[in-house]
Amino acid sequence: QNTWKGEMYILHNHFNVPIGIARPTFNREDRIVSGILPAMFPKFRGQGYGQYMVAWCINHYLTTGWHKVCGTVWSCNEPSLAVFRKLMVEEGVMKEHTLLEGVYYDTHFFSSFKKDYPYEGEFLKTARPRYVNNVLETLGKSEGIEYPAP
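Given the structure is predicted, the values throughout are model-derived calculations rather than measurements.

## Digging into the nonpolar core
Formed by 29 residues in total, the largest nonpolar core has its most connected members in Ile58 and Val69. Looking at this core, the element that brings in the most residues is helix H1 (residues 49–62), giving 10 residues.

So, in structure tokens, the structure goes:
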């Protein structure tokens, strides 16, 4: 099977309190991270943590041998649209592509390529909120799913 689930990461604040998670999905054969699914716990939204989490995922995968990192965002999620527009290139929009609670929303597609990624450490410094630990922690592997190194 070509598409598989990858690691899950948790972001902690400076008090070591979990504040959000990121769950990338992969296309292993093509070395493409097909999606980054960030989720901030409600009381920590709007403080820059989501941007840092997405930036960390982009940096981590493009500096460890992956070819491309992608993301999709629904038009009803304005905070995530702002983050992805700041950190990635918008490749296109599929109009009225997602149905949520009886309303159709556009789906926006974003990407970053290794060949266009010169930032590495500086990229993370500019995206890092003041009160966050230095790295995200790997939550671990699910039983029965193999996670090969990039």
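## Points about the confidence of the model for the chain
Counting all residues, the mean pLDDT for the chain is 76, and 74% of those residues have values of 70 or more. Taken element by element, the chain is modelled with least confidence in strand S1 (residues 3–5), mean pLDDT 41, and with most confidence in strand S6 (residues 89–100), mean pLDDT 95. Scored below 50 in pLDDT, residues 1–5 makes 18 contacts in the model with residues more than four places away or belonging to other chains. Throughout residues 130–150 the model reports pLDDT below 50, and contacts reaching past four residues in sequence, or to other chains, amount to 50 contacts.

## What to know about the pairing of strand S5 (residues 68–74)
The side chains of a regular strand alternate between both faces of the sheet. In terms of burial, S5 is largely enclosed, as five of its seven residues are buried. With H1 bridging strand S4 (residues 32–40) and its parallel neighbour S5, the resulting β-α-β unit is right-handed. Where S5 and strand S7 (residues 103–113) come together, seven bridges link them in antiparallel fashion. When the sheet's bridge partners are listed, Lys68 is paired in S7 with Phe113.

What counts and what doesn't
Residues numbered from 1 in each chain as written. Predicted model: local features only at pLDDT ≥ 70, side-chain atom pairs only at ≥ 80, totals over all residues. Heavy atoms only, no water. Core = buried A, V, L, I, M, F, W, Y, C linked by side-chain atoms within 4.5 Å. Buried < 20%, exposed > 50% of the residue type's maximum accessible area, 1.4 Å probe, protein only. Helix = DSSP H or I, 4+ residues; strand = E, 2+ residues; numbered from the N terminus. pLDDT = per-residue confidence, 0-100. Contact = heavy atoms within 4.5 Å. Right-handed = clockwise from strand over helix to strand, strands pointing away. Pairing = 2+ DSSP bridges.

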